[in-house]
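Here are the chains, one letter per residue:
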Amino acid sequence: MLIRPLNPKDRSKILPILCQGDTFNEAEVQVAMELVDEVLDNPSNRDYLIYSAVYPAEAFAGYICFGPIPMTAYCYDLYWIAVDSQHSKKGVGSRLVEFMEAAIRRNNGKHIYVDTSSTLAYAPARAFYEKHGYRPVCTLNDFFKNGDHKVIFRKEL
C-alpha cells in the first residue's frame, strides 16, 4: 500500500467512501468534502493535510485528514479518516494513522486529538481509536443533539 498526498483524481473517490454505511450524515460528508476542496484549491495550505491510501495498483483504499490546531505549540487534530469497505479490516486505517503519527512526530507534534460521536454508529470508530492508543479525555453531553455526546480522544506521542 502506498500513502501519498491528495491529488485531484482522489476527490471523486472520497465522496462514495464517506457515503458508505451509516456512519457519516449528509452534513458531515459536506464538511469533509469542503476540506478536500480547500486542500485541492490551495496547495500551499498547511492547515489541513490530506493523504490517500492506494492499494493495490492505484485502487483507492481510503484517506486521512489532519492538521495543527491553531494557537497551540504542538497539538494536532485528526479531522477525518475513512476506508473503502472493500479494504476494511485489511490494515488500511491503521497504516493511515501510523503515517499521520509519524508525520506529526517529524513536525515536533506531541498530542493528537480526535472528536467523535457517542452514538452506536461511531462505536467501531471509538474502538479503533482506543486500539491505537487514543484515550477518551472528555465527553461533552448532548453536544451534537440530545443523546449524541461529543467524545474527545487524545494520544500523546
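Structure: see above.
The model shown is predicted, which means the values in this text are computed figures rather than measured ones.

What counts, and at which threshold
- Residue indices begin from 1 for each chain and proceed along its sequence in written order.
- Two thresholds apply to this predicted model, a pLDDT of at least 70 for residue-level local features and 80 or more for giving and counting side-chain atom pairs, whereas whole-chain, interface and lining totals are computed over all residues.
- As a convention, hydrogens and water are excluded, and side-chain values are obtained from all of the structure's heavy atoms.
- Helix numbers and strand numbers start at the N terminus; a helix is a DSSP run of H or I with at least 4 residues, a strand a run of E with at least 2.
- Radius of gyration: C-alpha atoms only; globule rule: 2.2 Å multiplied by the number of residues to the exponent 0.38.
- A simple rule labels every residue: compare its accessible area, found with a 1.4 Å probe on the protein chains alone, to the largest value its type can have, and call it buried under 20%, exposed over 50%, or partly exposed in between.
- Working rule for contacts: check all heavy atoms of both residues, and any pair within 4.5 Å makes them a contact.
- Residue burial considers only the protein chains on display, and all accessible areas are found by Shrake-Rupley using a 1.4 Å probe.
- Only four residue types enter the tally: Lys and Arg on the positive side, Asp and Glu on the negative side, with His and both chain ends excluded.
- Note on charges: their place is set at NZ of Lys, CZ of Arg, CG of Asp or CD of Glu.
- Two rings belonging to Phe, Tyr or Trp (six-membered ring only in the last case) form a pair when the distance between their centres is within 6.5 Å. Interplanar angles under 30 degrees mark stacking, angles over 60 mark edge-to-face geometry, and anything in between is tilted.
- By this rule the span expected of a helix is its residue count minus one, scaled by 1.5 Å.
- Polar contacts here mean pairs of N or O atoms no more than 3.5 Å apart (in protein, one a potential hydrogen donor and the other a potential acceptor; neighbouring residues in sequence count only if both atoms are side-chain atoms).
- Candidates for patches are residues over 30% relative accessible area with no salt bridge; among them, like charges are joined within 9 Å and nonpolar side chains (Val, Leu, Ile, Met, Phe, Trp, Tyr) within 5 Å.
- Think of a salt bridge as a Lys or Arg side-chain nitrogen and an Asp or Glu carboxyl oxygen that are within 4 Å of each other.

(A) Molecular detail of the overall build of the protein. A count of helical and extended segments in the protein gives 4 helices and 7 strands. Ordering the α and β elements of the protein from the N terminus gives β-α-α-β-β-β-α-β-α-β-β. Relative to the compact-globule value of 15 Å for 157 residues, the protein shows a C-alpha radius of gyration of 15 Å, a close match. Looking at the protein as a whole, 42% of its 157 residues are labelled buried. Excluding contacts between residues fewer than 6 apart, the proportion of contacts in the protein whose partners are at least 24 apart in sequence is 55%. Carbon and sulfur atoms make up 52% of the accessible area of the protein, which totals about 8800 Å². The distance from the centre of the 18 positive side-chain charges to the centre of the 19 negative ones in the protein is 8 Å.

(B) Summary view of the environment of Phe153. Along the chain, Phe153 turns up in strand β7 (residues 148-156). Along the backbone, Phe153 and Thr139 are 14 residues apart, and their C-alpha atoms lie at a distance of 9.1 Å. Setting aside chain neighbours within four positions, we find Phe153 in contact with Ile112, Tyr113, Val114, Thr116, Arg126, Tyr129, Glu130, Tyr134, Arg135, Pro136 and Val137.

(C) Focus on the packing of aromatic side chains. Tallied over the entire structure, the rule returns 9 aromatic pairs. Ring centres 6.0 Å apart and planes at 20° place the aromatic pair Tyr51 and Phe66 in the stacked group. Placement of Tyr51 in strand β2 (residues 49-54) and of Phe66 in strand β3 (residues 60-68) is noted, with a sequence separation of 15 residues between them. Ring geometry for Tyr129 versus Phe153: centroids 5.8 Å apart, planes at 55°, classification tilted. One end of the pair, Tyr129, is in helix α4 (residues 123-131); the other, Phe153, is in strand β7, and 24 residues separate them in sequence.

(D) Layout of helix α2 (residues 26-41). The terminal C-alpha atoms of α2 lie 22 Å apart, and with 16 residues this matches the ideal 22 Å at 1.5 Å per residue to within 8%. Contact partners of the buried residues in α2: α1 (11-19), β2, β3 and β4 (75-83). Where α2 starts, the residue carrying a side-chain oxygen 3.0 Å from the main-chain nitrogen of Ala27 turns out to be Asn25.

(E) Quick peek at a nonpolar patch on the surface. On the surface, Leu140, Phe143 and Phe144 cluster together into a nonpolar patch covering about 270 Å² of accessible area. As for its placement among the helices and strands, Leu140 is situated in strand β6 (residues 135-145). Look at Leu140 and you get partly exposed, because its relative accessible area is 31%.

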